[in-house]
Amino acid sequence: PLKFGVLGAAAIAHFALVLPAKSHPEVELYAVAVRDISAESFAKKHGFKKWYGGKDGYQGKLNNDSGDIHVIYHSLPNGLHYEWTMKALAAGKHVLLEKSSRNTAEETRRMFSLADQKGLVLLEAFHY
C-alpha cells in the first residue's frame, strides 16, 4: 500500500485525503502529526494507525516513521509550508502540499529543486 502521513489536522485534510483514501484500497492512512493534543482523537476518528502530538509532533513523525511513510500530505498553515516541505523532502518523502506552495517564487523553486534532486514528487493540491 501507499502509506500517507499527514502534517496538521486542518479541516481540508478530511476532504482532500481522508475521504478519497476510503475509495482507494491501495492507500493507507498511516500517521498524523498535530502540534496540540488533538492528534490522537483525529487519528482515531479518521482511521490512522499512529499519531504524534505536542510541540515536537511534526518532527517526531518524520523521525519515527521515516521508513514507513511514502507520502506526506501537508495541510499546515501557509507560513509553515516551506520549512516542513523541505524537511519532508530531506527525509525522502513525496509531498502533496496544500496551496499555496509558498509565498515567494524563490522558495517554491528551492522546494521543487530539492524534490528533483532526490527523485521525489512534490505536488501542489488544487481541489476546486
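Residues numbered from 1 in each chain as written. Predicted model: local features only at pLDDT ≥ 70, side-chain atom pairs only at ≥ 80, totals over all residues. Heavy atoms only, no water.

Let us look at the sheet that holds strand β4 (residues 71-74). The six strands lie next to each other as β3-β2-β1-β4-β5-β6, forming an open sheet whose pairing is parallel. Of all strands in the sheet, those with a lone pairing partner are β3 (50-52) and β6 (122-125), marking the two edges. The average angle at which neighbouring strand axes cross in this sheet is 25°, direction not considered. With three bridges joining them, strand β2 (residues 27-33) and β3 adopt parallel strand pairing. Note that in β3 the partner of A31 across the bridge is K50. (Pairing = 2+ DSSP bridges. Helix = DSSP H or I, 4+ residues; strand = E, 2+ residues; numbered from the N terminus. Axes fitted to C-alpha atoms, helices over the stretch in contact; angles between N-to-C directions.)

We now examine the environment of N78. By secondary structure assignment, the location of N78 is in the loop between β4 and α4 (81-90). The spacing of N78 and K99 is 21 residues in sequence and 7.7 Å in space, taken between C-alpha atoms.

A word on the pattern of salt bridges. In this structure the tally under the stated criterion is five salt bridges. Two residues, E40 and K44, come together in a salt bridge whose shortest N-O distance is 2.7 Å. Of this pair, E40 and K44 both sit in helix α2 (residues 39-46), four residues apart, which is roughly one turn of that helix. Judged by its relative accessible area of 35%, E40 is partly exposed. Residue class for K44 comes out exposed when judged on its relative accessible area of 55%. For R109, the salt bridge is made with E106, and the minimal N-O distance between the two is 3.4 Å. Of this pair, R109 and E106 both sit in helix α5 (residues 105-118), three residues apart, which is roughly one turn of that helix. Overall, the relative accessible area of 37% leaves E106 in the partly exposed class. Salt bridges here are not isolated pairs; linked through shared partners, they connect E106, R109 and R110. (Salt bridge = Lys/Arg side-chain N within 4 Å of Asp/Glu carboxyl O. Buried < 20%, exposed > 50% of the residue type's maximum accessible area, 1.4 Å probe, protein only.)

In terms of nonpolar packing, the biggest core is built from 20 residues, with L7, I72, L89, V95 and L122 touching the most fellow members. Elements that contribute at least two residues to this core include exactly β2, α4, β5 (94-98) and α5. Among the elements that make up this core, the one with the highest residue count is α4 (four residues). Of all hydrophobic cores here, the second largest spans 19 residues; its members include A21, L29, V32 and V71. (Core = buried A, V, L, I, M, F, W, Y, C linked by side-chain atoms within 4.5 Å.)

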